[in-house]
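# Inside the fold
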Amino acid sequence: MSTVEAPPLPGGVAPAAGATARRGVVGPWLRMLRSELVLIFRRWRNLLLLAVLVGIPVLLGIALRVSVPRGGDGNGGGLGSAFLFQVAGNGVFLAFLALTIMLTLVLPLVVAVVAGDSLAGEASAGTLRYLLVVPAGRARLLSVKYAAIVVFSLISCLLVAASALIMGVALFPVGPVTLLSGTTVPLSGGLLRLLFVVLYVSAAMAMLGAIGLALSSLTEHPIAAIAAIMIIAVASEVTDNVPQFAVVQPYLPTHWWLAFDSLLRAPIDTTELTHGLLSIGVYIVIFCSIAWAKFSNADITS
Amino acid sequence: MSTGLEVTATGPAGDTTAPPVATAGVAVATHGLTKRFRGGQLAVNELDMVVPRGAVYGFLGPNGSGKTTTIRMLLGLVYPTSGRHELLATAMPSGAARVLPRVGSLVEGPAFYPQLSGRANLARIDAVDATADPGTSAARVSAALERVGLLAAAKKRYRAYSLGMKQRLAIAASLLQPRELIILDEPTNGLDPQGTREVRALIREIATGGVTVLVSSHLLAEVEQICSHVGVMRTGRLVFQGTLEQMRARGAARVQVRTTDPERASSVLESLGLAEIRASDGEVSAQIGEHAPEAVNRALVLADVPVAGFDTPRPSLEDLFVELTGEGFDVDG
């Protein structure tokens, strides 16, 4: 698998240690990640959650096709309603609408289930001790667990976008995309922006995943970790909507999640996006550090 | 099987001054290993354990005596409060990545993913091993399953396995790679006699390959037949460690005299220089030591002690064990 050739080792190296050196680090790490992803994507519970992610845009598309009058003037209130009228004119906007709507609750919930389960699930099943005596290595295991959460977040967001895009193409007219700022870009440009939006939303979910990983390292009960993640997400969103908390709002984990709407304007205002990515990065670093601090020193008694 | 390495028997007071041993001949060595859990509970207290290479070491003690905590420390799952230890002459837990691939283990019962088959579970364990060759994974998984007799049930979900099968799958997981040391924590726990026999046969087979085996149990009888060495834990301390012969020798034979005149019998035994004389109604007993039983009997009779019965019983291993582990020992499991 790995093509890394280790230099000949000095004598007296145990065969197993020699084998590790020969196989390198990356190959076995990827093999472990693959095993982790297989475990996640073969669980009925997770597949059911992914099915919900695919199903909601389908229902959304049908509902809009039936109810929204064509050629709305698009002077509604928030981001969501701005998209609502755009969808009628261009099916691509169904993907933006679906991501916006699902970012408040459904996507965080799906990511929370997998992230909260990551370590706590292994601990409660007792498999954590068997992974560690293999030895998986605590740092290695934690990095693989987080990488799997990131991949899962990305796939979740891609599924939502793909499902919405297919419904949008099937039910609404598709063509050059008129952005929120009024400029029109070719369809390819619109799809590229959609890709960036998906990546941004995935990064936001990966941030929630880091919080989840940290919480998951603190307990042996996956349900407790999942619930705690959701409480944090919802509490953050509520606080973000109470004007009296304006001082703390920029520091809330969810505050910048919808900053991707600047990707749908021309020219793209990067200030908000930069703030958003910075917030996401800082949260990921902090919570991965907490997870490592806890997990590297924990007595595994489960 | 034994490497001929002398393991010192340790007294109950913990006078464990193990002689400096060549580390190459030692599979497991702990030095003052201690674990105090948060909340102050002292689970393992100043443990000095030596398992010679090639030994089958029965790690005995009642439930709650600290065996599992010790094993978790040996494997780097639980960090000691103080003390240190080596596995296969490698310091732990710093050398875990180097040494644990050569150590197979079963810790506190089997634990696998219930939704996966036996084979998929072993494949998962193998995928986590950085030293494992992915090219031979399938073959090694099959070989391990075959060795524990689970090949026919390989595709069955773990959830549907019987307890005995679960236990054997856990042993199979420890056999995925060639090992130098196998640590099995209560491998027969909860098994019926048939399952117990199977697991015991498996351990014996593993050991014949020269692999060092550390097997814990709260039942002496379960491991007595397969062990070369034993270590006995009691409330966090190692109260005995040595070969099975050393343990047997530790049980001094006693002389037991049934008589209607225990007083006179006592004084005769005392004059002979016997130790630990205990007199009760109709019976006197003492440690016989180096004295010949027939000489003791003759002395009694010559002193006009009416001897109605005379015996020199040796305590069984079980008796010694109960004596070591003290009250509250869960003899019936």
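The structure contained in this document is the topic of the report that follows. (Residues numbered from 1 in each chain as written. Chains lettered and ligands numbered in written order. Predicted model: local features only at pLDDT ≥ 70, side-chain atom pairs only at ≥ 80, totals over all residues.)

## Describing the overall build of chain B
- Counting secondary structure elements, chain B contains 11 helices and 15 strands.
- Expressed along its principal axes, the backbone C-alpha trace of chain B runs to roughly 85 × 40 × 40 Å.
- Out of the 333 residues in chain B, the part that is buried amounts to 48%.
- Taking all contacts inside chain B whose residues are at least 6 apart in sequence as the whole, residues at least 24 apart take part in 70%. (Helix = DSSP H or I, 4+ residues; strand = E, 2+ residues; numbered from the N terminus. Buried ≥ 20, exposed ≤ 12 C-beta atoms within 10 Å, placed from the backbone. Contact = placed C-beta atoms within 7 Å.)

## A short note on the sheet that holds strand 4 (residues 56-60) of chain B
Residue and element names in this part refer to chain B.
- Pairing in this open sheet of six strands is mixed, and the strands run 7-8-9-4-10-11 from one edge to the other. Sheet topology places strand 7 (103-106) and strand 11 (237-243) at the edges, where each strand pairs with a single neighbour. The average angle at which neighbouring strand axes cross in this sheet is 15°, direction not considered.
- As paired elements, strand 4 and strand 9 (residues 212-217) share five bridges and run parallel to each other. When the sheet's bridge partners are listed, L60 is paired in strand 9 with S217.
- Contacting strand 4, strand 8 (181-185), strand 9 and strand 10 (229-234), helix 1 (residues 67-74) runs over the sheet at an angle of about 150° to strand 8.
- Helix-sheet contacts for helix 5 (residues 163-174) involve strand 7 and strand 8, and the interaxial angle to strand 7 is about 165°. (Pairing = 2+ DSSP bridges. Axes fitted to C-alpha atoms, helices over the stretch in contact; angles between N-to-C directions.)

## A word on the packing of helix 9 (residues 187-216) of chain A against helix 10 (residues 222-240) of chain A
Residue and element names in this part refer to chain A.
- Direction vectors running N to C along helix 9 and helix 10 enclose 140°, while the axes themselves pass 9 Å from each other. In this view, helix 9 runs oblique relative to helix 10, as classed from their interaxial angle. The hand of the helix 9/helix 10 crossing is right-handed. Contact with helix 9, carried on its side by L208, I211, G212, L215 and S216, involves A225, A228, I229, I232 and A233 of helix 10 and no other residues of that element.
- When the residues that make up the contact of helix 9 with helix 10 are grouped by side-chain class, the tally is eight nonpolar, two polar and no charged. (Parallel < 35°, antiparallel > 145°, perpendicular 65-115°, else oblique. Left-handed = near helix turned anticlockwise from the far one by under 90°. Nonpolar A, V, L, I, M, F, W, Y, C, P; charged D, E, K, R; others polar.)

## Some points on the nonpolar core
- Among the nonpolar cores identified, the biggest contains 170 residues, and L99 of chain A together with V213 of chain B are the most heavily contacted of them.
- Take this core: its biggest share by element is 16 residues, from helix 9 of chain A.
- Not counting residues within four places of it along the chain, the set of residues in contact with V213 of chain B comprises V56, Y57, I182, L184, I203, I206 and A207 of chain B.
- Counting residues in hydrophobic clusters, the runner-up holds 12 residues, among them V268, L274, I288 and V296 of chain B. (Core = buried A, V, L, I, M, F, W, Y, C linked by C-beta atoms within 7 Å.)

## A closer look at helix 10 of chain A
All names here are of chain A.
- When the terminal C-alpha atoms of helix 10 are compared, their 27 Å separation across 19 residues agrees well with the 27 Å that a helix rising 1.5 Å per residue should span.
- Taken together, the buried positions of helix 10 are P222, A225, I226, I229, A233 and S236. Take helix 10 and look down its axis: the buried residues cluster within an arc of 105°, on one side only. Across helix 10 from its buried face, at more than 90 degrees, point the exposed residues I231 and V238.
- Along its buried surface, helix 10 packs onto helix 6 (106-125) and helix 9. (Expected span 1.5 Å × (residues − 1). Arc of directions from axis to C-beta.)

## Observations regarding the interface of chain A and chain B
- Facing 28 residues of chain A, the contacting portion of chain B comprises 25 residues.
- With six residues, the single largest contributor to the side of chain A that touches chain B is helix 7 (residues 127-133) of chain A.
- Considered class by class, the residues forming the side of chain A that touches chain B number 17 nonpolar, six polar and five charged.

## Considerations on the sheet that holds strand 12 (residues 254-259) of chain B
Residue and element names in this part refer to chain B.
- If you trace the four strands from one edge of the open sheet to the other, you get 13-14-12-15, paired in antiparallel fashion. Here the strands that pair on one side only, and so sit at the sheet edges, are strand 13 (275-280) and strand 15 (307-311). Neighbour to neighbour, the strand axes of the sheet diverge by 15° on average, direction disregarded.
- Inspection of the sheet shows strand 13 paired to strand 14 (residues 283-287) by four bridges, in the antiparallel sense. Among the inter-strand pairings, A275 is bridged to a residue of strand 14, identified as Q287.
- Lying on the sheet, helix 9 (residues 262-272) is in contact with strand 12, strand 13 and strand 14; it crosses strand 14 at an angle near 15°.
- Sitting on the sheet, helix 10 (residues 293-302) is in contact with strand 12 and strand 15, with an inclination near 165° to strand 15.

## Details of the pairing of strand 4 of chain B
Residue and element names in this part refer to chain B.
- The element strand 4 is largely enclosed, with a buried count of five among its five residues.
- Residues V56, G58 and L60 of strand 4 are buried on one face, and the alternating residues Y57 and F59, pointing to the opposite face, are buried as well.
- Two strands pair when backbone bridges link them, and strand 4 and strand 10 are joined in this way by four bridges, in the parallel orientation. Residue L60 lies in a different strand from strand 10, and its bridge partner there is V232.

## With respect to the pairing of strand 1 (residues 26-36) of chain B
Residue and element names in this part refer to chain B.
- Sheet analysis places strand 1 next to strand 3 (residues 50-52), joined by three bridges and oriented antiparallel. Residue pairing in the sheet places V26 in a bridge with P52 of strand 3.
- In the sheet, strand 1 pairs with strand 5 (residues 82-87) via five bridges, with the strands oriented antiparallel. By the bridge assignment for strand 5, A29 is matched with E86.
- Across three bridges, the pairing between strand 1 and strand 2 (residues 42-47) is antiparallel. What sits directly across from R36, in strand 2, is L42.
- Turn length for the strand 1-strand 2 hairpin, with the two strands adjacent in sequence and antiparallel, is five residues, and the turn residue G39 shows positive phi of about 105°.

## Quick word on helix 3 (residues 118-128) of chain B
- Most of helix 3 of chain B sits inside the fold, with 11 of its 11 residues counted as buried.
- Those residues of helix 3 of chain B that sit buried are G118, R119, A120, N121, L122, A123, R124, I125, D126, A127 and V128 of chain B.
- Of the surrounding elements, those touching the buried residues of helix 3 of chain B are helix 2 (26-41) and helix 7 of chain A together with helix 4 (137-147) and helix 5 of chain B.

## Considering the environment of I166 of chain A
- By secondary structure assignment, the location of I166 of chain A is in helix 8 (residues 138-171).
- Each C-alpha atom of the pair I166 of chain A and G61 of chain A lies 9.6 Å from the other, and the pair is 105 residues apart in sequence.

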